[in-house]
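# Remarks on the overall topology
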Amino acid sequence: METSSPSTLFLCGKSSAEVEIAKSMKINDALKLPDAGQVSTLLQSEINNFRFDEEPFNVDLFMNSLSTNRFGRFLVWSPRLPSTHDVVSHNFCELPIGAVCVADVQFKGRGRSKNAWESPRGCLMYSFTLQMDDGKIVPLVQYVVSLAVTEAIKDVCDRNGFPYIDVRIKWPNDLYLNGLKVGGILCTSTYKSKKFNVSSGIGLNVGNEKPTTCLNAILKELSTSSNEFRREDVMAAFFNKFEMLYDIFVNQVGYLWELSTSQDWPSESGQRVIVQEKNEDRVVENVVTVQCC
Ligand SMILES: O=C(O)CCCC[C@@H]1SC[C@@H]2NC(=O)N[C@@H]21
């Protein structure tokens, strides 16, 4: 019964370029769900024609806090769907790179190792796409995602004057708060036309106290004010941090990692090598001394 009612997907864009993509995707009925799941596609401009019972994801709030050039600018929002991860991985080639799908409720939420992810209202649940050339560093991208989540939470605390909420990474892909799991990261990839198509999914207990605890429950304990984390602020802060960290990762850390696992890497402490650092169109050369641990 649950799975048979169609999922409504609203296609939204930050700028007119992304809004045009949304219009063309709607006209072409481009998005599908796996297992022939029923889907109805609408545009952001049609959101106001609907009444939603509970607090829906506020697309404008998210877009206004987003300051990226690539990630999160094309957004698919659904009040209820099987899994955001299914939407992005099943439609990877139809979606622009960096597109995100966010849902208020999932009824087939996926965790790692074929586990289910409990997906109640209040939980921030989203998946996004990225494309990578170098397969050696694909397994490391989950570290960057985890780090961007904790950095985003810090950023939202700073901006709102909240006390610091100490969400920690259990490396590489779990998030813990006061010893309880409050979030997890799921990264999957496929290889096509010499590119790695990576889908990254994030589940973070922002306002749902079950099944463990959530950011707002701990904030309430630590603060006298009634302010709360909003999913939109956390997700926008995530993409703002992720875009910066991902560029560093690909251009610098990824490069170093690749070098360190290649045969050309000098293996003796004390050896001096030149490391080239690519920064947009500039190349900077640094002489570094090898320290073997
Ligand atoms: O800890 C884990 O096992 C990873 C959980 C990942 C859950 C998120 S929620 C958004 C996205 N959609 C899914 O179906 N799963 C991921």
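A brief structural summary.

Definitions and limits used
Residues numbered from 1 in each chain as written. Predicted model: local features only at pLDDT ≥ 70, side-chain atom pairs only at ≥ 80, totals over all residues. Heavy atoms only, no water. Salt bridge = Lys/Arg side-chain N within 4 Å of Asp/Glu carboxyl O. Pairing = 2+ DSSP bridges. Helix = DSSP H or I, 4+ residues; strand = E, 2+ residues; numbered from the N terminus. Axes fitted to C-alpha atoms, helices over the stretch in contact; angles between N-to-C directions. Phe/Tyr/Trp six-rings, centres within 6.5 Å; stacked < 30°, edge-to-face > 60°. Buried < 20%, exposed > 50% of the residue type's maximum accessible area, 1.4 Å probe, protein only. Patch = residues over 30% accessible without salt bridge, like charges linked within 9 Å, V, L, I, M, F, W, Y side chains within 5 Å. Areas by Shrake-Rupley, 256 points an atom, 1.4 Å probe, with all protein chains shown as cover. Contact = heavy atoms within 4.5 Å. Core = buried A, V, L, I, M, F, W, Y, C linked by side-chain atoms within 4.5 Å. Expected span 1.5 Å × (residues − 1).

## Re the pattern of salt bridges
Counted according to the given criterion, the structure contains 14 salt bridges. With a closest N to O distance of 2.9 Å, Arg 168 and Asp 166 form a salt bridge. For the salt bridge of Lys 181 with Asp 174, the shortest nitrogen-to-oxygen distance reads 2.6 Å.

## Structural notes on the sheet that holds strand S2 (residues 39-43)
Whether parallel or antiparallel, the strands of a sheet pair through hydrogen bonds between backbone atoms. Pairing in this open sheet of nine strands is mixed, and the strands run S2-S1-S3-S4-S5-S9-S8-S7-S6 from one edge to the other. Each end of this open sheet is capped by a strand with a single partner; those strands are S2 and strand S6 (168-170). Looking at each pair of strands side by side, their axes are set apart by 20 degrees on average, direction ignored. The pairing of strand S8 (residues 180-192) with strand S9 (residues 195-205) spans ten bridges and is classified as antiparallel. Across the sheet, residue Lys 192 finds its bridge partner in S9, namely Lys 195.

## A look at the packing of aromatic side chains
Within the structure shown, the criterion is met by 22 aromatic pairs. Judged by centre distance (5.7 Å) and plane angle (65 degrees), the rings of Phe 128 and Phe 238 are edge-to-face. With a gap of 110 residues between them, Phe 128 in strand S5 (residues 123-132) and Phe 238 in helix H6 (residues 231-260) connect regions that are remote in the sequence. Across this residue pair, the class does not change: Phe 128 and Phe 238 are buried. With centroids separated by 4.6 Å and ring planes inclined at 45 degrees, the aromatic side chains of Tyr 191 and Phe 196 adopt a geometry described as tilted. A connected cluster of aromatic rings, assembled from ring pairs, spans Phe 57, Phe 62, Phe 71, Tyr 126, Phe 128, Phe 238, Phe 239, Phe 242, Tyr 246 and Phe 249.

## Some words on a nonpolar patch on the surface
Together, Tyr 143, Leu 147 and Trp 171 make up a nonpolar patch on the protein surface, roughly 300 Å² of accessible area in all. Within the secondary structure, Leu 147 is located in helix H4 (residues 141-160). Taking the relative accessible area as the measure of exposure, Leu 147 reaches 32% and is therefore partly exposed.

## Digging into helix H5 (residues 215-222)
Every buried residue of H5 is listed here: Leu 215, Asn 216, Ala 217, Ile 218 and Leu 219. On its buried face, H5 sits against H4, strand S7 (174-177) and S9.

## Let's talk about the nonpolar core
Leu 75, Phe 229 and Phe 238 are the most contacted members of the largest nonpolar core, which has 57 residues in total. Once residues within four sequence positions are removed from consideration, Phe 229 is found in contact with Ile 153, Val 156, Cys 157, Phe 162, Ile 165, Val 206, Leu 215, Asn 216, Leu 219 and Val 234. Judged by nonpolar contacts, the second largest core, of 17 residues, contains Leu 11, Val 88, Cys 101 and Ala 103.

## Some details on H4
The terminal C-alpha atoms of H4 lie 29 Å apart, and with 20 residues this matches the ideal 28 Å at 1.5 Å per residue to within 8%. Gly 161 sits one or two residues past H4 and shows a positive phi near 70 degrees.

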